[in-house]
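Letter by letter, the chains look like this.
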Amino acid sequence: KMTRLFNCRSFEIWLLHSDSNEIFQYSDSSSDPIPFRTAESGVVGYSLLNLCSISLTNVNLHSAYHPRSDGNGEQSILIMPVRDQDSPKIYGLVLRGKRSLSFFTDTDEKILAEIAPLIITSLNSSEFVEKSFKHLEEPEKTAKRLQSLLEVAEAISGQLHIDTLIESIMNKGSDLVN
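Summary of the structure given here.

Rules used throughout
- Residues numbered from 1 in each chain as written.
- Predicted model: local features only at pLDDT ≥ 70, side-chain atom pairs only at ≥ 80, totals over all residues.
- Heavy atoms only, no water.
- Pairing = 2+ DSSP bridges.
- Helix = DSSP H or I, 4+ residues; strand = E, 2+ residues; numbered from the N terminus.
- Axes fitted to C-alpha atoms, helices over the stretch in contact; angles between N-to-C directions.
- 1 Å grid on protein atoms, 1.4 Å probe; cavity = no way out; pocket = protein on both sides within 12 Å on 5 of 7 lines; lining within 4 Å.
- Points joined across faces, edges and corners; volume = space filled by probe spheres on them.
- Nonpolar A, V, L, I, M, F, W, Y, C, P; charged D, E, K, R; others polar.
- Core = buried A, V, L, I, M, F, W, Y, C linked by side-chain atoms within 4.5 Å.
- Buried < 20%, exposed > 50% of the residue type's maximum accessible area, 1.4 Å probe, protein only.
- Contact = heavy atoms within 4.5 Å.
- Phe/Tyr/Trp six-rings, centres within 6.5 Å; stacked < 30°, edge-to-face > 60°.
- Lys NZ or Arg CZ within 6 Å of the ring centre and 35° of its normal.

**Re the sheet that holds strand S6 (residues 89-98)**
Within the open sheet, the six strands sit side by side as S3-S2-S1-S6-S5-S4. Their pairing is antiparallel. Of all strands in the sheet, those bounded by a partner on one side alone are strand S3 (30-36) and strand S4 (54-56). Across this sheet, the average inter-strand angle for adjacent strands is 20°, counted without regard to direction. In the sheet, strand S1 (residues 8-17) pairs with strand S2 (residues 22-27) via six bridges, with the strands oriented antiparallel. What sits directly across from Glu-12, in S2, is Ser-27.

**So, the layout of surface pockets**
Any space left empty among the atoms is revealed by the rolling of a water-sized probe across them. Taken as a whole, the largest pocket spans an internal volume of roughly 240 Å³. Around the largest pocket, the lining residues are Ile-13, Leu-15, Tyr-26, Tyr-91, Leu-123, Ser-126, Glu-127, Glu-130 and Lys-131. Elements with a contribution of two residues or more to the lining of the largest pocket: S1 and helix H4 (106-158). Here the element with the most residues in the lining of the largest pocket is H4; it accounts for five residues. Among the residues making up the lining of the largest pocket, the classes are represented as five nonpolar, one polar and three charged.

**A closer look at the nonpolar core**
With 17 residues, the main nonpolar core has Leu-93, Leu-95 and Leu-112 as its most contacted residues. For Leu-93, the residues in contact, after removing those within four places along its chain, are Phe-11, Glu-12, Ile-13, Leu-78, Ile-79, Met-80, Leu-112, Ala-116, Ile-119 and Ile-120. In terms of nonpolar packing, the next biggest core, distinct from the first, is built from 14 residues, Trp-14, Val-44, Ile-79 and Val-94 among them.

**Concerning the packing of aromatic side chains**
Within the structure shown, the criterion is met by one aromatic pair. Between Arg-68 and the ring centre of Phe-36, over which it is positioned, the NZ or CZ distance is 4.2 Å.

**Quick word on the side chain of Ser-76**
Assignment of secondary structure puts Ser-76 in the loop between helix H3 (67-70) and strand S5 (77-83). In this view, Ser-76 contacts Leu-56, Thr-57, Asn-58, Leu-95, Arg-96, Gly-97, Lys-98, Ser-102, Phe-103 and Phe-104; residues no more than four positions away in its chain are not counted.

Here is the structure:
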């Protein structure tokens, strides 16, 4: 949806853990986050580490350009860093390759700045919900294990009724005598 809204080739979310300087890229092309070393994080890493918005007609014009993170460098780029107030995370909203004008406008930057807090709040909320569901799954697993253990105990105790036990002992005893 972001690519349609901004008429661009790609939209990415980057994450910097400022306490450890770990940087990850999230995009539609990969279901898993892609880790980047700080030295290879390119223009996006520069934006996140310095908390500054960047808009360029060609990403390779920036001194922090790196081909691993920035591609061939011939696309326009708009980067909006957003600090999470409740954690040491800094998110980067990245638009690449404006289609119609070949560069991102002031209006694009203003719209991205307006919706950035909503995107980050949505991400944090979904992460919180995911963690909550994981915490709920553990007690359910424990309850199922205990239920299975109880069923095994009932099955064993059913075999330990004194009448059944005496009969079993007598049969085994007679088998040994014969």
